[in-house]
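Chain and residue survey
Residues per chain, in single letters:
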Amino acid sequence: MFGAKLPEVEEMRAITIIEANNRDTEEKNIVLDIRPTEYYEGYHIPEAVNIPYDKIEEGNYYLPDEYKYLIYCEHGTQSMTAGRILEADQFQVMPVIGGMTAYYGWMEKQADGEN
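Presented here is a report on the structure given in the accompanying data block. In this text the structure is predicted, and so the values were computed from the model without any measurement. Each residue is numbered by its place in its chain's sequence as written, counting from 1. In view of the model being predicted, local features appear only for residues whose pLDDT reaches at least 70, and side-chain atom pairs are presented and counted only at 80 or more, with totals across whole chains, interfaces and linings using the full set of residues. Side-chain measures were taken over the full set of non-hydrogen atoms in the model, leaving aside hydrogen atoms and water.

Once that is clear, we can look at the packing of aromatic side chains. Any pair of Phe, Tyr and Trp rings, taking the six-membered ring for Trp, is counted once the centres come within 6.5 Å. Such a pair is stacked with planes under 30 degrees apart, edge-to-face with planes over 60 apart, and tilted for the rest. In the structure shown here, the tally under the stated rule is six aromatic pairs. Between the aromatic rings of tyrosine 61 and phenylalanine 91, the centroid separation amounts to 6.3 Å while the plane-to-plane angle is 55 degrees, which identifies the pairing as tilted. One end of the pair, tyrosine 61, is in the loop between α3 (53–58) and β3 (68–72); the other, phenylalanine 91, is in the loop between α4 (77–88) and β4 (92–95), with 30 residues separating them in the sequence. Summarising the burial analysis for this pair, tyrosine 61 and phenylalanine 91 share the class buried. When the ring centre of tyrosine 67 is taken as origin, the NZ or CZ atom of lysine 28, which lies over that ring, is 5.3 Å away. Runs of H or I in DSSP of at least four residues are treated as helices and runs of E of at least two as strands, each being numbered from the N terminus. Whether a residue is buried, partly exposed or exposed follows from its accessible area with a 1.4 Å probe, protein chains only, as a fraction of its type maximum: under 20%, in between, or over 50%, in that order. By the criterion adopted, a ring carries a charge over it if an Arg CZ or a Lys NZ lies within 6 Å of its centre and within 35 degrees of its normal.

Time to look at the pairing of strand β1 (residues 29–33). Between any two strands, pairing holds if DSSP finds at least two bridges. Pairing of β1 with β3, which is carried by five bridges, proceeds in the parallel orientation. By the bridge assignment, isoleucine 30 is partnered in β3 with tyrosine 69. The pairing of β1 with strand β2 (residues 49–50) spans two bridges and is classified as parallel. In the sheet register, aspartate 33 faces β2, and the bridge partner there is asparagine 50.

Taken together, the side chains of Tyr43, Tyr104 and Met107 define a hydrophobic patch exposed on the protein surface, amounting to about 260 Å² of accessible area. Mapped onto the fold, tyrosine 104 is located in helix α5 (residues 99–111). Patches here are clusters of residues that have more than 30% relative accessible area and form no salt bridge, with a 9 Å joining cutoff for like charges and a 5 Å cutoff for nonpolar side chains (Val, Leu, Ile, Met, Phe, Trp, Tyr). Working definition of accessibility: Shrake-Rupley area with a 1.4 Å probe, residue cover restricted to the visible protein chains. Any Lys or Arg side-chain nitrogen found within 4 Å of a carboxyl oxygen on Asp or Glu counts as a salt bridge.

Here we take up the pairing of β3. Extensive coverage of β3 is indicated by the burial of five of its five residues. Neither face of β3 is left uncovered, since the one carrying Lys68, Leu70 and Tyr72 and the one carrying Tyr69 and Ile71 both have all their residues buried. With the strands aimed away from the viewer, a crossover counts as right-handed if its path from the first strand over the helix to the second runs clockwise. With α4 bridging β3 and its parallel neighbour β4, the resulting β-α-β unit is right-handed.

A few words on the side chain of arginine 35. Position of arginine 35 relative to the elements: it lies in the loop between β1 and α2 (37–42). For arginine 35, the side chain forms a polar contact with the main-chain oxygen of tyrosine 43, separated by 2.5 Å. Polar contact is the term for a pair of N or O atoms within 3.5 Å; when the atoms are in protein, one must be able to donate a hydrogen and the other to accept it, and sequence-neighboring residues count only if both atoms are side-chain atoms.

This part is about the environment of glutamate 27. Structurally, glutamate 27 can be placed in the loop between α1 (17–21) and β1. Residue glutamate 27 is classed as partly exposed on the basis of its relative accessible area, which comes to 30%. Put simply, glutamate 27 and tyrosine 67 are 40 residues apart on the chain and 8.3 Å apart in space, counted from C-alpha to C-alpha.

So, on to the environment of tyrosine 39. Mapped onto the fold, tyrosine 39 is located in helix α2. Taking relative accessible area as the criterion, tyrosine 39 reaches 44% and is therefore assigned partly exposed.

Structural measurements only, silent on function.
Take a look at the structure:
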């Protein structure tokens, strides 16, 4: 199948936790937690799906291709690497800058009434 055109995929762009929270709910987004399962089970962003980074690195995962994936890890570094792997597999991805660390900080500000 030489010359077959690959589906157009939006270039990967990292986003902040505020941008992730403000994503249009009408869009087909899935929040993807790539931390180890025990971290995910301890606490995770509501509605997040867990596929640990090592599964992504091994290619041992299944994701529907009609979604955009907001990817987070603990601090933001592995989500960038996982994003590159998923992007190479033609997925639309947006790593969340700062990961769960940024999420915790954002939640604390929300609790304190800050924006």
